[in-house]
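# Summary of structural features
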Number of protein chains: 2
Amino acid sequence: MTARRDHEAAFDRVIELALVLNEDMSHGLGALGLTRSRTEVLWVLHHRGPSTQRILADAMGVSARNVTGLVDALVATGFVTREPHPTDRRAALVTLTEHGERTTAVLARDYAELARALFADMPAERFECFVAGLERVLAELRERVAAARG
Amino acid sequence: MTARRDHEAAFDRVIELALVLNEDMSHGLGALGLTRSRTEVLWVLHHRGPSTQRILADAMGVSARNVTGLVDALVATGFVTREPHPTDRRAALVTLTEHGERTTAVLARDYAELARALFADMPAERFECFVAGLERVLAELRERVAAARG
DNA sequence: TATTGTTATACTCTATAACTATA
DNA sequence: TATAGTTATAGAGTATAACAATA
């Protein structure tokens, strides 16, 4: 059955896509003095503004302890500040520094640029078809993950 | 410009695909008593047969020290054996145990089954178009990674 | 001399559990 | 009583450097 082999070959490509994408992104981060996890913290702050560590932990799906360590590292390297929360004295408020803001701006710009590089030259018809297939595959995978968790 | 926003939205999906795929695969591995890195070792052995640690390190793009630790763990959990190399007394030969063979067989089957689940219901036309788009995106990303390394 | 793999050391990400301070 | 965050402890992956045994 050729279809079966085609399906596996296509899946190989999907896996490779995930790997290559990961490698490409990690590369740029190293140059900025960041790791993937620390960047995720910055990304949440970029989108949601100053946040408590609890919010960061929930947004990232990670333990509170883990966030403590990530924020420690980001404070030490000047990307964020950790300050007392103005109204809840148990909580800390994590805020991007100016350096952090500049960095997330660069990340956002690079992200948009990569999206453009990947798709700008693609004929509209193929682009739409690709996105449709992507949605389909994503939906299937999301369902599997949800089932595994539920 | 709507195209620009569409490109970013599509790229968002690609990123999500990588994340969800990662999560789905990691889930099953935990149940088998494996991690991603250890599974990668098994996968190389499955495809290339008994191998020295040097070969494993090169195939995985990882340090020799790292492979020592991964193989230690896989030996301790009964997936592989580490034996003296028959002709080169410096080297160790890593081989799948019967348990390791059964495990890689299961992984291969699950892999094929997931590929089927993702694509079997997709109309041939859309499938082809999706694969074409995928190849395009992959080619672009491979080039970027190669450029970053070179 | 070059290569294989190990020991030594260190950093990052991650988790759970116990604890403090506050709500 | 419940929540926010830290300290304590542990395990996994990763790297470089120094070293042993062998090629």
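The structure this text deals with has already been given above.
All values reported here derive from a predicted model rather than from experimental measurement. (Residues numbered from 1 in each chain as written. Chains lettered and ligands numbered in written order. Predicted model: local features only at pLDDT ≥ 70, side-chain atom pairs only at ≥ 80, totals over all residues. Heavy atoms only, no water.)

### Points about the overall build of chain A
Just so we agree on the cut-off: Put simply, DSSP H or I for four residues or longer makes a helix, DSSP E for two residues or longer makes a strand, and each gets a number counted from the N terminus. Only C-alpha atoms enter the radius of gyration, while the globule expectation follows 2.2 Å times N to the 0.38, with N the number of residues. Relative accessibility thresholds used throughout: buried, under 20% of the residue-type maximum; exposed, over 50%; partly exposed, between the two (1.4 Å probe, protein chains only).
The helix and strand inventory of chain A stands at six helices and three strands. Counting from the amino terminus, helix and strand elements in chain A follow one another as α-α-β-α-α-β-β-α-α. The globule rule puts the C-alpha radius of gyration for 150 residues at 15 Å, and the 19 Å found for chain A is more than 25% above it. Taken along the three principal axes of its C-alpha coordinates, chain A extends 65 × 40 × 25 Å. Taken over 150 residues, chain A has a buried fraction of 39%.

### Some thoughts on the state of the cysteines
Each disulfide is one covalent bond, formed between the sulfur atoms of two cysteines. Basically, it comes down to this: Disulfide assignment relies on a single distance test, namely cysteine sulfur atoms paired within 2.5 Å.
Applying the stated criterion to the full structure yields one disulfide over all chains. For Cys129 of chain A, the disulfide goes to Cys129 of chain B, at an S-S distance of 2.3 Å. Placement of Cys129 of chain A in helix 6 (residues 124–149) and of Cys129 of chain B in helix 6 (residues 124–149) is noted, with the two residues assigned to different chains. Its relative accessible area of 17% is what places Cys129 of chain A among the buried residues.

### Observations regarding the interface of chain B and chain A
The following threshold applies: Here a residue-residue contact requires only that any non-hydrogen atoms of the pair lie within 4.5 Å. Accessible area that two parts lose when put together, evaluated with a 1.4 Å probe and summed over both, is termed the buried area. Salt bridge, as used here: a side-chain nitrogen of Lys or Arg that lies within 4 Å of a carboxyl oxygen of Asp or Glu. Residues are sorted three ways: Asp, Glu, Lys and Arg are charged, Ala, Val, Leu, Ile, Met, Phe, Trp, Tyr, Cys and Pro are nonpolar, and all the rest, Gly among them, are polar.
Listed per partner, the contact involves 49 residues of chain B and 49 residues of chain A. Between chain B and chain A the total buried area reaches about 5,400 Å² when both faces are included, carbon and sulfur atoms providing 74% of it. Applying the counting criterion to the chain B and chain A interface returns six salt bridges. One salt bridge connects Arg13 of chain A with Glu135 of chain B, and the closest N-O pair in it is separated by 2.9 Å. Looking at the side of chain B that touches chain A, the elements that each hand over two or more residues are helix 1 (2–32), helix 5 (98–119) and helix 6 of chain B. Counted by class, the side of chain B that touches chain A contains 29 nonpolar, three polar and 17 charged residues.

### With respect to the protein's contact with DNA strand C
Which entries qualify depends on this criterion: Whether a residue is near a molecule or strand is decided by its heavy atoms; if any one of them lies within 4 Å of it, the residue is near. Pairing of N or O atoms within 3.5 Å defines a polar contact, subject to two protein rules: one partner must be a possible hydrogen donor and the other a possible acceptor, and residues neighboring in sequence count only if both atoms are side-chain atoms.
If you check the shell around DNA strand C, you find 21 residues, and the closest are Thr35 and Arg89 of chain A together with Arg54, Thr68 and Ala92 of chain B. The sugar and phosphate moieties of DNA strand C supply 75% of its atoms located within 4 Å of the protein. Ser63 of chain A places a main-chain nitrogen or oxygen 2.9 Å from a phosphate oxygen of DNA strand C. At a separation of 2.9 Å, a sugar or linking oxygen of DNA strand C approaches a polar side-chain atom of Asn66 of chain A.

### So, the side chain of Thr97 of chain B
All names here are of chain B. Tracing the chain through its elements places Thr97 in the loop between strand 3 (92–96) and helix 5. Among the residues examined, Thr97 registers a relative accessible area of 18% and is labelled buried. Within the local environment of Thr97, its side chain forms a polar contact with the backbone oxygen of Gly78, the two atoms lying 2.7 Å apart. Not counting residues up to four positions away in its chain, the partners in contact with Thr97 are Gly78, Phe79, Val80 and Thr81.

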